[in-house]
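# Structural overview
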Amino acid sequence: ERVIGASEMGRSSSSSSSSSSSSDSDRRRKRSRRDKRDEDDSRSPNGRGGGDASPRVGGGERNGDTRSREDSRDGRDRSPAGRGDRGRGGRRDLRDDIRSARGEDPADRPPKEPIERKPLPPGRAGGTYIPPFKLAQMMAEQTDKTGPEYQRMTWDALKKSINGLVNKVNASNIKNILPELFTENMIRGRGLFARAVMKSQMASPQFSPVFAALVAVVNTKFPELGELVLKRVILQFRRAFKRNDKPVCVAATRFLAHLINQQVVHELTALELLTVLLASPTDDSVEVAIEFVKECGYTLNELTPQGLHGIFERFRGILHEGEIDKRVQFMIEGLFAVRKAGFEGKQGVPPELDLVEEDDQIVHELSLDDQLQAEATLDIFKVDPEYEANERKYADIRKEILGESSSDEDDSEDDSDEDESSDEEDGGGGAMNAEQQAIEDQTETNLVNLRRTIYLTIMSSLDFEEAGHKLMKIHLQPGQEVEICTMLTECCSQERTFLRYYGLLAQRFCFIDQMYAQLFDEVFLKQYSTIHRLETNKLRNVAKFFAHLLATDAISWTCLAYLQLTEEATTSSSRIFIKILFQELSEALGLRKLNQRLQDPGMAEYFQGIMPRDTPKNTRFAINFFTSIGLGGLTDELREHLKNMPKMIMAQKPADSDSDSDSSSSSSSSSSSSSSSSDSDSSSSSSSSSSSSSSSSDSKPAKKKRKKGLPH
């Protein structure tokens, strides 16, 4: 116990000694700090302690100062306002002390004049930011509604509105955004709209289907806006492709793919784009092409299956070459799997974004090699000298698009009854005029779109039965059926060789409705009358096309009445046409059956032009023509007719003489009756005739004598 108690006492003594030593060191540090502060105060001109004050006195003063500071610190903690005033006042005192040390009087210093801040000059981005309420107030204060300042304010408001609407559009609210967008002046802000759409799509490419649907709807009302967006997207792709900028290239091609799905861009642009990407394949270009095909492959498979098949053949060739990275090769194999699955998950336009009817779609055909202009000046503000007139025009367009009432919504409710009645009368008169006027499309836009639809349907079908089924589904206006016949003939003429696909398709239409047979008869006449304008290859295809229709009895053989096989009525082109026509008929029917058709007594009147029997010259020309083309067997009856033609001519001559004698006897009887009625006239005429005959008889020997007297 004693040992334990001694040890505890030693520990307590050591701890007490250590604590006392630490407290002594703290005291020394505090004293040294106080001494330094006292020395600083003594050096300053207005020090708290005098220069000859002892350290002890200075320390006492310092203690008093610290207490006062603690009190003041407590006061500052209690009142924040007082703390701020004290800080600012302290800074002013220090500045005054410095000026007094320099010998300056703060009261003599003149006050500073306030500097007027000028607004920043407006630049390309639109100048400084103005809050909406401030901008509305400034626009309300403007008296000149056509001046540059007011136009500048409306331009800034238009820009902010278009940017805001484009930025907040999505698949759920696009139907609500579109009316708000059309309330803005889209013609004036078409550059702003194109820039906003492209900027938003570049920032978030996953929303490309939404922006494409927005552009598709705007394109139906303002086609120039859709064309402007398309031009800028193509230029952006060309620029990125040249600079090897893969992110921009992927975003641009993705936007183009969804524009193709919305039928804003023609599918030939997609095939051209893929050809450019796969011409000299690299890892990046093949990857961009794969993403592009995944986005719009379903649409291309419906519109141009043959073109898409060629693109996939190019992918297969790249895969077999094996010059690209393994990762890209696996991506190509994945693309083939997606194609086999029918592009599942990316099948065209989503239902919530399918907002445009097929009849309202306007397709733009632009090539990657065209000289395109971005029209960047449309993004910059310009003063419009006809600002009010253009605003009124767009107000009318907005009413037509949104279906607003013809009455002005801004009119106050306190208008007089007379004004209301006059407005109603004007509105009624306008309605009557609108009913009386018949709108006629001079640009033939609908006709061009119809022909494009027929052409794409014909070219994209696998066989003639599918093409006929699709063409019968097209809604045709009365009188537009002839466009199908014309397009079939022109498509057939454009081929390198004749394809029975077109003949079978035309045959199917003629068997479905007799009206198409009559229309093809008219097309036959039109083609034959302009046959001299066609090249030899086109002429051959057209002749084989109509020969197929004649051989299958799809059209009537009465159309051969339009042919005149004479030397004067034919040209080299028409002779080639007739030659190919009858050679094809001979191959399809056989020479014997063709001859039986031509010798049909019921159709003889329609074959008089092709088998002429009017003159020996024309008959001989027809015989020589058919013999030269290897169809001399068709001219047997013509040869017999040519042999019997002299006998027929001799037989006609007696009949002509008998008719002449009958006519002479009738004339003599009429002359005798006239002579009996006028005897005196005949006697006078006989005397005059006798005198004239005597004179002529006297003159004849005189002439003979003169001739004899001439020297030889």
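Sequence positions are assigned chain by chain, starting from 1 and proceeding in written order. Totals for whole chains, interfaces and linings use every residue, but because this is a predicted model, local features are given only for residues with pLDDT of at least 70 and side-chain atom pairs only at 80 or more, for both listing and counting. To get the side-chain values, all heavy atoms of the structure are used, and hydrogens and water are removed first.

## Focus: the overall build of the protein
Secondary structure elements follow DSSP: runs of H or I of four or more residues count as helices, runs of E of two or more count as strands, with numbering from the N terminus. Per the secondary structure count, the protein includes 27 helices and zero strands. A 1.4 Å probe rolled over the protein chains alone gives each residue an accessible area, and that area as a share of the maximum for its type sets the label: buried under 20%, exposed over 50%, partly exposed in between. In the protein, which comprises 712 residues, the share counted as buried stands at 33%. By the convention used here, residues are in contact when the closest approach between their heavy atoms is within 4.5 Å. Residue pairs at least 24 apart in sequence account for 73% of intrachain contacts in the protein once pairs closer than 6 positions are excluded. Calculation of accessible area relied on Shrake-Rupley with a 1.4 Å probe; when residues are assessed, cover is drawn exclusively from the protein chains displayed. For the protein, the computed accessible surface area is about 44500 Å², with 50% contributed by carbon and sulfur atoms.

## Let's talk about a positive patch on the surface
Residues Arg28, Lys30, Arg31, Arg33, Arg34 and Lys36 make up a contiguous surface patch of positive charge. Looking at the element boundaries, arginine 31 is found in helix α1 (residues 2-43). When its relative accessible area of 55% is taken as the criterion, arginine 31 is described as exposed. To count toward a patch, a residue needs a relative accessible area above 30% and no salt bridge. Like charges then connect within 9 Å, nonpolar side chains (Val, Leu, Ile, Met, Phe, Trp, Tyr) within 5 Å. Each reported salt bridge corresponds to a side-chain nitrogen of Lys or Arg within 4 Å of a carboxyl oxygen of Asp or Glu. Neither His nor the chain ends is counted toward charge; the positive residues are Lys and Arg and the negative residues Asp and Glu. For the purpose of locating charges, the reference atoms are NZ of Lys, CZ of Arg, CG of Asp and CD of Glu.

## Focus on the pattern of salt bridges
Across all of its chains, the model carries 16 salt bridges by this definition. Of the charged contacts, one joins lysine 246 and glutamate 287 as a salt bridge, the two residues approaching to 2.8 Å between their closest N and O atoms. A residue pair is termed long-range when its members are at least 10 positions apart, and lysine 246 in helix α10 (residues 246-261) and glutamate 287 in helix α12 (residues 283-303) qualify at 41 residues. When the shortest N-O distance is used, the salt bridge between glutamate 287 and arginine 327 registers 3.4 Å. Of this pair, glutamate 287 sits in helix α12 while arginine 327 sits in helix α14 (residues 326-340), and the two are 40 residues apart along the sequence. On the basis of relative accessibility, which here comes to 14%, the residue glutamate 287 falls in the buried class. Several salt bridges share partner residues, and in doing so they unite Lys246, Asp284, Glu287 and Arg327 into one network.

## Remarks on the nonpolar core
Core analysis: the biggest nonpolar cluster contains 81 residues, and Phe193, Phe255, Phe292, Phe315 and Ile332 have the highest contact counts within it. Sequence-distant contacts of phenylalanine 292, that is, excluding residues within four places in its chain, are made with Thr253, Leu256, Ala257, Ile260, Ala270, Leu273 and Leu274. Only buried Ala, Val, Leu, Ile, Met, Phe, Trp, Tyr and Cys residues count toward a nonpolar core, and they belong to the same one when joined by side-chain atoms within 4.5 Å. Counting 66 residues, the second largest nonpolar core, distinct from the first, contains Ala467, Ala547, Ile578 and Leu594.

## Some words on the packing of aromatic side chains
Under the pairing criterion, centres of Phe, Tyr and Trp rings, with the six-membered ring standing for Trp, must be within 6.5 Å; the plane angle then separates stacked pairs below 30 degrees from edge-to-face pairs above 60, leaving the rest tilted. Evaluated as defined, the whole model comprises 17 aromatic pairs. Between the aromatic rings of tyrosine 150 and tyrosine 387, the centroid separation amounts to 6.4 Å while the plane-to-plane angle is 85°, which identifies the pairing as edge-to-face. Pair noted here: tyrosine 150 is in helix α5 (residues 148-167) and tyrosine 387 is in helix α15 (residues 387-402), with a separation of 237 residues, a long-range link. Note on accessibility: tyrosine 150 and tyrosine 387 belong to one class, buried. Ring geometry for phenylalanine 520 against phenylalanine 545: centres 6.0 Å apart, planes inclined by 50°, an arrangement best described as tilted. Here phenylalanine 545 lies in helix α22 (residues 536-551) and phenylalanine 520 lies in helix α21 (residues 514-529), a separation of 25 residues in the sequence. Exposure class is identical for phenylalanine 520 and phenylalanine 545. Each is buried.

## Let's talk about unusual backbone geometry
If you check the backbone angles, glutamine 263 has positive phi at about 60° while not being a glycine. With respect to the secondary-structure elements, glutamine 263 resides in the loop between α10 and α11 (267-279). Since its relative accessible area comes to 15%, glutamine 263 is described here as buried. Positive phi is not limited to glycine here, since phenylalanine 343 has a value of about 50°. Examined against the element boundaries, phenylalanine 343 turns out to sit in the loop between α14 and α15. Judged by its relative accessible area of 2%, phenylalanine 343 is buried.

## Side note on the state of the cysteines
Two cysteine sulfur atoms form a disulfide, by the criterion used here, when they sit within 2.5 Å. If you walk through the whole model with that rule in mind, you get zero disulfides. Here cysteine 492 stays free of any disulfide, with the sulfur of cysteine 491 as its closest cysteine sulfur at 8.8 Å. The class of cysteine 492 is buried, set by a relative accessible area of 1%.

## Let's talk about the packing of α22 against helix α23 (residues 572-589)
A packed helix pair is summarised by two numbers, namely the angle formed by the two axes and the spacing between the axes. For helices, the fitted line uses only the C-alpha atoms of the stretch in contact; every axis is such a line through C-alpha atoms, and the angle between N-to-C directions lies from 0 to 180 degrees. At their nearest, the axes of α22 and α23 sit 8 Å apart, and the two run at 40° to each other. Relative to α23, the element α22 lies oblique. For α22 against α23, the interelement crossing comes out right-handed. Where α22 abuts α23, its residues Leu539, Arg540, Val542, Ala543, Lys544, Phe546, Ala547, Leu550 and Ala551 lie against Ser573, Ile576, Phe577, Ile580, Leu581, Glu584, Leu585, Ala588 and Leu589. Looking at the contact of α22 with α23 residue by residue, the classes come out as 14 nonpolar, one polar and three charged. Throughout this description, any angle smaller than 35 degrees is read as roughly parallel, any larger than 145 degrees as roughly antiparallel, any in the 65 to 115 degree range as roughly perpendicular, and the remainder as oblique. Helix crossings get a hand from a simple test, with the near helix turned counterclockwise from the far one by less than a right angle marking a left-handed crossing and a clockwise turn marking a right-handed one. Residues are sorted three ways: Asp, Glu, Lys and Arg are charged, Ala, Val, Leu, Ile, Met, Phe, Trp, Tyr, Cys and Pro are nonpolar, and all the rest, Gly among them, are polar.

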